[in-house]
Each structure stands twice: as structure tokens, then as C-alpha cells.
Amino acid sequence: MSEAVLPATRVALVGNPNSGKTALFNALTGSRQKVANYAGVTVERKEGQAHTADGRTLYVLDLPGTYSLRARSPDEEVTRDAVLGRLAGEQSPDVLICVADATNLRLVLRLILELKQVGRPMVLALNMYDIAQRQGLRIDLDSLSRDLGCPIVTTVATRKRGIEDLVAKVDELARSGALSQDNAWTAPDASDIRSAHREAQRILKAYVRPPEHPDTLTGKVDAVLLHPVAGLAILFSLLFLMFQAVFSWAGPPQDLIEAGFGALGQLVGAVLPDGLLKSLIVDGAIAGIGSVLVFLPQILILFFFIILLEDFGYMARAAFLMDRIMGGAGLHGRAFIPLLSSFACAIPGIMSARVIDAKRDRLTTILVAPLMTCSARIPVYTLIIGAFIPDRTVWGFASLQGLVMFGLYAAGILSALGVSFVTRRLFWRGAVEPFLMELPTYKAPSAENVARNLLLRASIFISRAGRIIFPLTIAIWVLSTFPGPPAGATGPAIDYSFAGRLGHLFQPLLAPIGFNWQMTVALIPGFAAREVAVAALGTVYAVADAENATGALGSTLATHWSLATALSFLAWYVFAPQCASTLAVVKRETNSWLWPAVMFVYMTALAYIAAFAVYQTAAAFGAG
Amino acid sequence: MNQIIAQPVAAQAVTEQEGAIIRLSQAHAGQRGVIVDVRADDTNHGHGVAVEELQRRLLEFGFVEGAFVEVLHEGAIGHDPIAVRLDDMRVALRRRDAADVLLRLDGHSA
């Protein structure tokens, strides 16, 4: 057979979580990777290309990690269906690579036994083989290979060792004409699982000699990191450090991005003639993209910490430590990471809720994620606090403005816990999904993998900004621009637009919470991104360059608003439902319009109730 | 299959004894033993999944008859969840999900 007619081989990577599967995928495919979603589900699909020594191409698919083909989450369903060749829009893999952590074979042996039933040609990659050797773990590779009936390759993915050998073995198997046999796999019941474990035990006993120097480091580190008191103290210190980093390190690059987009806007504005096209490009496109990309530094810093801690093996420990604390509110321990990300922006937070395998727990987490104070609220908070809260010291040490800021963060967290508690009662009737989680051994993160992952997160965020957020900002620009003001109009142009009319229309509804029509109008462009409301307030109050000169806008507001109105606006923004991007991401992640609708309704209701309570109380105390 | 009939033992004095059979949900840090039964009969559930499904998940994680278990760590609030050594790996789980795992304590219990 000539090389040309032999079609490219399709390979799928299967393995337990924490087996170094993604590192092996990276080592196999290098930078030739493509990340997308599987058709119809929001499971990340990662495909790349590897090349054999004689130049043939292998298409490698990285499947989500699993302990069994008996799928329990959307991710694991993708793995099962891909392995079985049932996945819509996917070709069946020609060869499976089962990735195993050589130091932790017991569970993967059971997965291998299941995979063997599927009947596809398979290569076993014993990864992290260097650690196994260092521990003095002896594996009789030849006999194990004969017993399992599949070739075995030892690899060290992080050092790219054994990769050529693996590619050669896969290629050999594909060329040997080994065809898939009939699938004999059916979902195992309890007795099947028991007998598979017995078989795995037999294999382990026959071919694997226990390590001479087993890993004792993990136990020692856990004694500190999982300690009921010290462990929590370390976790909270880490969080504190992360927040410091997110808000202080991100400052300079954010200023740079803002200045860059500002300069770009001016440059384009100077070239283009005045008119609609200029307004569309400068005020719509450039300002819109800029207002989203400005969060990129914060998101990258946050993800840097999360990826680092994840690779180290700490995130499972954090979930363990937080499980009971969050469990009181009906949240899963794993919800901790998504909620943490939401302090930068709810979008990556909602996306990372995929780590939660229980569907109900994942939905609850998605629903409450936007209640975490995202950084888009900060410009609004600083503007109002600076204008209305006196800058003085209370109790001898605390700044009153800082206290109000802290109070707003706390209100967000408490309401998230409250909402998840109610959700659990209302929608799930108290049912609690099991919490079972492997605590992986600690490993030194590899710089290359951290960098690659970070780039991946950045590109996902940017492409999302392009595909979802950009059209939305254009739509909102249209609402705020058309129809234009009549000739001889004196008020700001936005007042005559659809947004302005909507603002006037809804104003009577918002009067009981103390909002005037200018505020109501400003809420509409705020749908693009919450902090755009600041610029919009600047527009309606005709304060030029409001976002960079909050001082000027602040003093204007201080003369136009009562204290009760200002406090009511802050209370509204604790909940602030108007973030179109968040709603769009929720639609994508849940594959339904129901959940974004539920989210919008409950957040609007809470925002209204909170603002009403605050306004009426403050007015009763004479601040109206 | 193991059909050992374990009385749900509550008294602390009994659980300390070597050879006593207790639920994993009742074990405290330092206790260790061998799993003698993994059941699907926890009646006070309210689990989001059926008891048979919970049993399968426990089995899949390696909570099988004959496996060695040692409770390593307990959470700060209500001693929950627990982190256990299960043969050669470490697993975290909530006590409520561990009720159907029965183990026979060995003599080295702390």
C-alpha cells in the first residue's frame, strides 16, 4: 500500500483525571492544536496533529478525563460517545491511547478493562514513568502488555520523553490493519465493577512490585494544608494574595489597554469624517471591544494562580476545605473555583463551572456566580462612593469609604449564599449530589504547561469577546444612537434615542427606588458591560470624558442626586442584572434560554427590592 | 460477595475495638481497617442520585470489599468531609456519602 492512499489516523486520548493526559496531548501535538466545542454541548473539544517519523499525520483528540465509560457528567458523556464512535459529527477513532499515571495504576486498570470491551486497537501510555522509577516501582512491562493484549509505551510527557516511541506504536497499530472488533461494552453494574476490581487487583499483584520509596511528601504536605485550622488559614492567605495581585498587578496593563484603545479611537476619529460611520466605529466598535479587553489582565492573573494551584494539586484540597463552609448554603466544594474567578468577571467563572460534575450543583453555581462583585462594578462603586460617602476615619482606623466598599462585596457574597440556599430548596428540593473526589499527589507544575494553558484561556476569552460581546455592544450602540436628535435639539443626543425613550418609559417604574430618568437611561448602555453605565451617566449629564474624570462627574452627581438615590444606586449594582455578555454565556453553557431568563428575573427582582428598601429607609431618615 | 451483617454501631467504646465493624461515616481520623461491604441500602438519603448509583460511584472510586482504608483528615466544621487513604490513593468524600461503606477496624487504630 502506498503512503498516499493510507488515510490519516484518528487517535483519541482517554484516561483518569490527573494522569497527565493534557500534558501528553501537548507533548504530542505541540502548538498544532485547535480548541472548539463539541456540537450541541459546551464541552471543550481539543484536537491537534502529531507526525510520524516518515511524515504521516495523526489527528489526536484529547477527551475529558474519566474513571469509567459509565458517564456521569456532560464531559464524561463526550468521552464515552467518542470512544464508542457514537458522537454526532465525529468520526470514530482508529486507535485509542489510554493514558495512565504509572504510580497510580489501580483505577486506570479498571478503565482499561472497560476500554478493551469496546474492541478498538489501543496503546497504553504509562505516563510519569520517571516518578515511578524514582519511587522504585517495578512494572513487568512485557508480561503486562501480553496480559492486557495491547502495546505499552512508557512516557514522561512533561519532558517529552517516549513521545516518538508512542507515535510509532500508534502508527504501527494503525498500519497493521488491526481493525476494531465488535463493541461488547455495556454499562457495568455493581457486580461488574467488583469483578473488574478483582481482575485489576490480580494484574497489579502479578506484574507490579510496590514502590521501595513510596511518595511521602504528599502526606506530609497534606498534614499542613488539610489541617482544620492551619489549612484554612493558608487557603485564606492565598486568596488574599490572589486578590492583591489581581487588583494591583493588573493596574498598569489595564491603563495601557485603555489608553491604547482611547488613542486608537482618536486616531480613527481624526481620519474618518464626522457622521454615523465614525460614531459606529469609534463609539460602538472600538469603545465596545476596549471595554471588554480591559479585563484581560485581571483574568490572566487570576487564571495564572488557578492553573498553577490546579497543576500543583492544590485545588482539590481547596475544594475539600471549603466544602462544608459552602455546603451550608447548598454549594459544592468545587464551586469554590468558579466563584473565585467571578470576582474578576462572571464569564470565566461561569465557564469554569464545568469542573463540577453534578448537574444541579453546576447550575446553582452558574446562577449565583454573577452575584460575586466583578471588577466591572468597581468603577461604578468608586464613582458613587467618592461622590457621596464622606472621606473620614471611623473607629480610629478604618476608612468609611473602604468600609462601604467592603460592605458591598460582603453583600454580594452573602446574597450568593442566600440565593443558592433558596435554589437548593426551591428547584432541587434539598437533594444533594454525592461529593467524591480524588486528592492527587502533589507535583511541581511545568512552566510550559502553565504558559500554554494561560494562552489558551486568553484566546478563548478574546474569541468570546469577539463573537458574543462585540455584536451586543453594536446593538446597544444602535439603541443609544437612533433615532438622532432633531435639528435644534438642546438636550444630550441619547435622550432622543430608543435608549432614551426606553429610559423615560421605565422611569415611573424606577421612581419608587429613587432613580431619575438620567439614571434609567444610563442603565441601558450598561447592558454592554456594567461599567459603561459610568460613561453613559457622563453622556446624559453632558460631562465629557466621564470615565477618566470621575471627579468631575462625581461632583455633578452630588448636586443632582440625593444621598438616598446614591445609596439606592449602589444597592442596585450589588445585583445589577444588566450584563448581556453574562446572560449570553449562561445561554451557551446551559444550552437553554430558561436559565438566563431565570437569572435575569431573579437578579432584577433582588436589585429592585434591595434598592427599594435602601431608598425608602434612607428617605425615611431624611436623606431623600 | 460479602454478606456480613453489621449492626449500625453507635457507641464510641465499641468502635474503638479491634475487629469492630463500623460505617466509614462514623470513623474518625487515625482509624483504619479493611472494607467488608459496600451497600446500597442507606435509607436516610436525600442524595441527588439513587442509592444504587451512589454504590456504583463508590465502587468505581475503589471502595471495594478488601480495600484498605485509613481516615487521614477531617474537615474543620462537624469533622466533615473526610480525606481517606484508599489503598494507594487519596480520596475526599462527605460522611453522608460514606455511610454505606462498612469497614472492619484493625488493631492500630489511634
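Calculation criteria
- Residues numbered from 1 in each chain as written.
- Chains lettered and ligands numbered in written order.
- Predicted model: local features only at pLDDT ≥ 70, side-chain atom pairs only at ≥ 80, totals over all residues.
- Helix = DSSP H or I, 4+ residues; strand = E, 2+ residues; numbered from the N terminus.
- Buried ≥ 20, exposed ≤ 12 C-beta atoms within 10 Å, placed from the backbone.
- Contact = placed C-beta atoms within 7 Å.
- Rg over C-alpha atoms; globule rule 2.2 N^0.38 Å.
- Pairing = 2+ DSSP bridges.
- Axes fitted to C-alpha atoms, helices over the stretch in contact; angles between N-to-C directions.
- Nonpolar A, V, L, I, M, F, W, Y, C, P; charged D, E, K, R; others polar.
- Expected span 1.5 Å × (residues − 1).
- Arc of directions from axis to C-beta.
- Domains from an automatic or database assignment.
- Right-handed = clockwise from strand over helix to strand, strands pointing away.
- Left-handed = near helix turned anticlockwise from the far one by under 90°.
- pLDDT = per-residue confidence, 0-100.
- Core = buried A, V, L, I, M, F, W, Y, C linked by C-beta atoms within 7 Å.

**Topic: the overall build of chain B**
Helices and strands together make up the secondary structure of chain B, namely 2 helices and 6 strands. Starting at the N terminus and ending at the C terminus, chain B contains elements arranged as α-β-β-α-β-β-β-β. Counting every position in chain B, which comprises 110 residues, the buried fraction comes to 41%. In chain B, the proportion of contacts linking residues at least 24 apart, taken out of those at least 6 apart, comes to 65%.

**Points about the overall build of chain A**
Each helix and strand counted, chain A has 26 helices and 12 strands in total. Relative to its length of 624 residues, chain A is compact, with a C-alpha radius of gyration of 28 Å against a globular reference of 25 Å. Over its C-alpha atoms, taken along the principal directions, chain A stretches across nearly 85 × 60 × 40 Å. Here chain A, with 624 residues, has 45% of them falling under the buried criterion. A separation threshold of at least 6 residues defines the contact pool for chain A, and within that pool the share at least 24 residues apart is 71%.

**Considerations on the sheet that holds strand 1 (residues 21–23) of chain B**
Spatially, the 7 strands line up as an open sheet ordered 12(A)-5(B)-4(B)-3(B)-2(B)-6(B)-1(B), and their pairing is antiparallel. The outermost strands of the open sheet, each flanked by one partner alone, are strand 12 (436–438) of chain A together with strand 1 of chain B. Each adjacent strand pair in this sheet contributes to an overall mean axis angle of 40°, direction not counted. As defined by bridge partners, strand 4 (residues 82–86) of chain B adjoins strand 5 (residues 89–93) of chain B across 5 bridges and the pair is classed as antiparallel. Bridging across to strand 5 of chain B, B:L86 finds its partner in B:M89.

**Focus on the interface of chain A and chain B**
Interfaces are often described in size by the accessible area the parts lose on coming together. Taken together, the contacts link 31 residues of chain A with 32 residues of chain B. Elements supplying a minimum of two residues to the side of chain A that touches chain B: helix 3 (106–118), helix 7 (190–207), helix 13 (314–327) and strand 12 of chain A. Looking at side-chain class alone, the side of chain A that touches chain B contains 19 nonpolar, 4 polar and 8 charged residues. Taken together, the 3 bridges between strand 12 of chain A and strand 5 of chain B define a ladder with antiparallel strand orientation.

**So, helix 7 of chain A**
Residues and elements named next belong to chain A. An ideal rise of 1.5 Å per residue puts 26 Å on 18 residues; helix 7 measures up with 26 Å between its terminal C-alpha atoms. Residues of helix 7 that are buried include every one of I193, A196, H197, A200 and I203, and no others. What you see down the axis of helix 7 is that its buried residues fit within an arc of 125°, all on one side. Relative to its buried face, helix 7 has exposed residues pointing more than 90 degrees away, namely S191, R202, K205 and A206.

**Examining the domain arrangement of chain A**
Residue and element names in this part refer to chain A. Each assigned domain of chain A is listed here: domain 1 (9–213), domain 2 (230–432) and domain 3 (461–623). Look at where the C-alpha atoms of domain 2 and domain 3 centre, and you get two points 19 Å apart. On the domain 3 side, the residues contacting the 38 residues of domain 2 number 42 residues. Among the elements that line the side of domain 2 that touches domain 3, the one with the most residues is helix 11 (residues 276–293), at 10 residues. Taken together, the residues of the side of domain 2 that touches domain 3 break down into 28 nonpolar, 8 polar and 2 charged.

**Quick notes on the pairing of strand 5 (residues 95–101) of chain A**
Across a regular strand the side chains alternate sides, sitting on one face of the sheet and then on the other. Residue and element names in this part refer to chain A. Burial within strand 5 is extensive, with 7 of its 7 residues counted as buried. Of the two faces of strand 5, the one lined by V95, I97, V99 and D101 and the one lined by L96, C98 and A100 are each fully buried. Pairing between strand 1 (residues 9–15) and strand 5: 5 bridges, direction parallel. Counted as the bridge partner of A12 is L96 from strand 5. In terms of strand pairing, strand 5 meets strand 6 (residues 122–127) through 6 bridges, oriented parallel. Bridge assignment links V99 to a residue of strand 6, and that residue is A125. Of the crossover connections in this fold, the one passing from strand 5 over helix 3 to the parallel strand 6 is right-handed.

**Notes on the packing of helix 25 (residues 580–590) of chain A against helix 26 (residues 594–623) of chain A**
Residues and elements named next belong to chain A. Between helix 25 and helix 26, the shortest axis-to-axis distance is 7 Å and the interhelical angle comes to 145°. Crossing angle aside, the handedness with which helix 25 passes helix 26 is right-handed. Across the interface between the two elements, L583, V586, K587 and T590 from helix 25 touch W595, P596, M599 and F600 from helix 26. A breakdown of the residues in the contact of helix 25 with helix 26 according to their chemical character gives 6 nonpolar, 1 polar and 1 charged.

**Quick word on the pairing of strand 3 (residues 68–74) of chain B**
All names here are of chain B. Burial analysis of strand 3 places 6 of its 7 residues in the buried class, the great majority of the element. When strand 2 (residues 32–38) meets strand 3, the two strands line up antiparallel, connected through 3 bridges. Bridge pairing links G33 to V69 in strand 3. Relative to strand 4, strand 3 runs antiparallel, the two sharing 5 bridges.

**Some points on the environment of B:R94**
Looking at the secondary structure, you find B:R94 in the loop between strand 5 and strand 6 (101–105). Look at B:R94 and you get buried, because 22 C-beta atoms sit within 10 Å. Counting along the chain gives 19 residues from B:R94 to B:G75, while the straight-line C-alpha distance between them is 9.4 Å. Dropping the residues within four chain positions of it, B:R94 is found in contact with A:F435, B:D80 and B:P81.

**Considerations on the confidence of the model for chain B**
Residues and elements named next belong to chain B. For chain B, the mean per-residue pLDDT works out to 81, and 75% of the residues sit at or above 70. Low confidence marks residues 1–15, where pLDDT is under 50. Its contacts with residues over four positions away, or in another chain, come to 18 contacts. We note a pTM of 0.81 for the whole complex and an ipTM of 0.84 for its interfaces.

**Structural notes on the environment of A:P228**
Looking at where A:P228 falls in the secondary structure, it is placed in the loop between helix 8 (217–225) and helix 9 (230–248). Looking at A:P228, the number of C-beta atoms within 10 Å reads 15, which means it is partly exposed. Not counting chain neighbours up to four residues away, the residues in contact with A:P228 comprise B:E74, B:G75 and B:A76.

**Things to note about unusual backbone geometry**
The peptide bond linking B:D80 to B:P81 adopts the cis configuration, its omega dihedral lying at -10°. Mapped onto the elements, B:P81 comes out in the loop between strand 3 and strand 4. One non-glycine residue, A:N18, lies in positive phi territory at about 65°. With respect to the helices, strands and loops of the structure, A:N18 is situated in the loop between strand 1 and helix 1 (21–29). With 20 C-beta atoms packed within 10 Å, A:N18 lands in the buried category.

**Thoughts on the nonpolar core**
All names here are of chain A. With 192 residues, the main nonpolar core has L13, I97, C98, V123, A125 and V170 as its most contacted residues. In terms of residue count, helix 24 (residues 563–575) provides more of this core than any other element does, 10 residues in total. Setting aside residues up to four positions removed in sequence, L13 forms contacts with K21, L24, F25, V60, L61, D62, L63, I97 and V99.

**Regarding the packing of helix 16 (residues 359–368) of chain A against helix 18 (residues 400–426) of chain A**
Residues and elements named next belong to chain A. Two elements in contact, helix 16 and helix 18, have axes whose closest approach is 9 Å; the angle formed by their N-to-C orientations is 145°. Two packed elements cross with a definite hand, and for helix 16 against helix 18 that hand is right-handed. Where helix 16 approaches helix 18, its residues T364, L367 and V368 are matched on the opposing element by A416, V419, S420, T423 and R424. Of the residues in the contact of helix 16 with helix 18, the class split is 4 nonpolar, 3 polar and 1 charged.

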